[in-house]
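Commentary on secondary and tertiary structure
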Amino acid sequence: MKSYHNGILYKALIIICIIGIAAGLISCAPSPDANKPVPQPTPTITPALTPTPTPTPTPTPVEESLLDFYPLKVGNMWEYEGEGMEYASSIQKVIYSSGNKYQVTVDNGGTVIANVLEVKKDSIENTYRSGEAFTDANLLGKPSNVNIILLQTPLEKGNFWISEENHYEIVDTEADVTVPAGEFKDCIAVKVTFKDQTSNMVFYYKRGIGMVQSEFRTDVGDLITSKLKRYEFK
C-alpha cells in the first residue's frame, strides 16, 4: 500500500515539475524593450496609373460655299459702272429662287437678260439664258439651253475647267481690286480664254460681295471693264 502511494506521489511530482519548467520558460522569455522602436511593416507602394491621353478629334473639313462669292438671295442687287463700251454698265438683281436655282436679271440699258443659275455641290452654273426678258417672268422651270460653269471648286490658284469649249482658270486668290464701291482685298480672279483665242475675260469675286469687277480684252488691245458701283443685300 505504501508503494502504491509512493507511485502516485512520484507521478504528481513529475507533473508539477513539467508545469514548473513550462512556467520558467515563459517567465524567461525576453520582454519587448519599451524604448526600442517596434519595426513597422514595409508599406506596399502601388504605382500610379499613367492617364491615357484623350485623342484629339480630327476636325471635319469645312466645305467651301460658292454662295459666299456669289450671294444669291432674292432682292440682292449689284450696280456696275462700265468703261470702254456703251453697254458695259449694268444693274443685276436676283428676282426668283427655288431650291438650288436662282433667276438673275441683267439690265444694261439696252436690253434685259435673264439668267438661271444653278448651285451644285462644287460649282455654280448658268443653265438658262434669255435675251429681251422685259416682263420678269419666272423662268426657273425652263429646260437648260446653256451650260456655263461660272465658278468651280477648289477655289485655288491653278484650278481650271472647260465650259462650252472655253477655258476657265483661277489665276489669283489674293487679288486687290479698287472700284467705285471701295477697295476689296483677297479677291478670286477667274480668267476665261475664249475658244477662238482672240479675246479673254477676267472676273474678280470677293467673298461676301460677289463679282466686283470684270475685264474684257481683245487681241488688238481693246479693254472693256465693269466695276462695282454699289450693292444692296437683303
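First, a word on what this report is: a plain description of the structure on this page. This is a predicted model, so every value here is computed, not measured. (Residues numbered from 1 in each chain as written. Predicted model: local features only at pLDDT ≥ 70, side-chain atom pairs only at ≥ 80, totals over all residues. Heavy atoms only, no water.)

1. Section: the overall build of the protein chain
Check the secondary structure of the protein chain and you find one helix and twelve strands. For the protein chain, the N- to C-terminal ordering of α and β elements is α-β-β-β-β-β-β-β-β-β-β-β-β. Looking at the protein chain residue by residue over its 234 residues, the buried ones come to 33%. Long-range pairs, those at least 24 residues apart, make up 37% of the contacts in the protein chain between residues at least 6 apart in sequence. Here the protein chain displays about 15,600 Å² of accessible surface, and carbon together with sulfur accounts for 57% of that area. (Helix = DSSP H or I, 4+ residues; strand = E, 2+ residues; numbered from the N terminus. Buried < 20%, exposed > 50% of the residue type's maximum accessible area, 1.4 Å probe, protein only. Contact = heavy atoms within 4.5 Å. Areas by Shrake-Rupley, 256 points an atom, 1.4 Å probe, with all protein chains shown as cover.)

2. Some thoughts on the side chain of Asn166
Topologically, Asn166 is positioned in strand β8 (residues 166-179). A residue is classified by how much of its surface remains accessible, and Asn166, at 12% relative accessible area, is buried. The contacts of Asn166, once residues within four sequence positions are left out, are Trp161, Val192, Thr193, Phe194 and Lys195.

3. Comments concerning the sheet that holds strand β6 (residues 148-152)
Within a beta sheet, neighbouring strands are joined by backbone hydrogen bonds and run either parallel or antiparallel to one another. Here twelve strands make up an open sheet; going across it, the order is β6-β5-β4-β3-β2-β1-β12-β11-β10-β9-β8-β7 and the pairing antiparallel. One side of each edge strand has no neighbouring strand; the edge strands of this open sheet are β6 and β7 (160-163). On average, adjacent strands in this sheet sit at an angle of 25 degrees to one another, irrespective of strand direction. Two elements, β8 and strand β9 (residues 182-193), share nine bridges in a ladder whose sense is antiparallel. When the sheet's bridge partners are listed, Ala175 is paired in β9 with Cys187. (Pairing = 2+ DSSP bridges. Axes fitted to C-alpha atoms, helices over the stretch in contact; angles between N-to-C directions.)

4. Comments concerning the packing of aromatic side chains
Taken as a whole and assessed by the stated rule, the structure comprises seven aromatic pairs. For the pair Trp161 and Tyr168, a centre-to-centre distance of 5.7 Å together with 15 degrees between the ring planes defines the contact as stacked. Residues Trp161 and Tyr168 agree in their burial class; the two are buried. For the ring pair Phe194 and Phe216, a centre distance of 6.3 Å and an interplane angle of 55 degrees mean the geometry is tilted. In this pair, Phe194 is assigned in the loop between β9 and β10 (199-206) and Phe216 in strand β11 (residues 210-218), connecting sequence segments 22 residues apart. Relative accessible area serves as the criterion here: at 22%, Phe194 is assigned to the partly exposed category. Classification of Phe216 by relative accessible area gives partly exposed; the value is 24%. (Phe/Tyr/Trp six-rings, centres within 6.5 Å; stacked < 30°, edge-to-face > 60°.)

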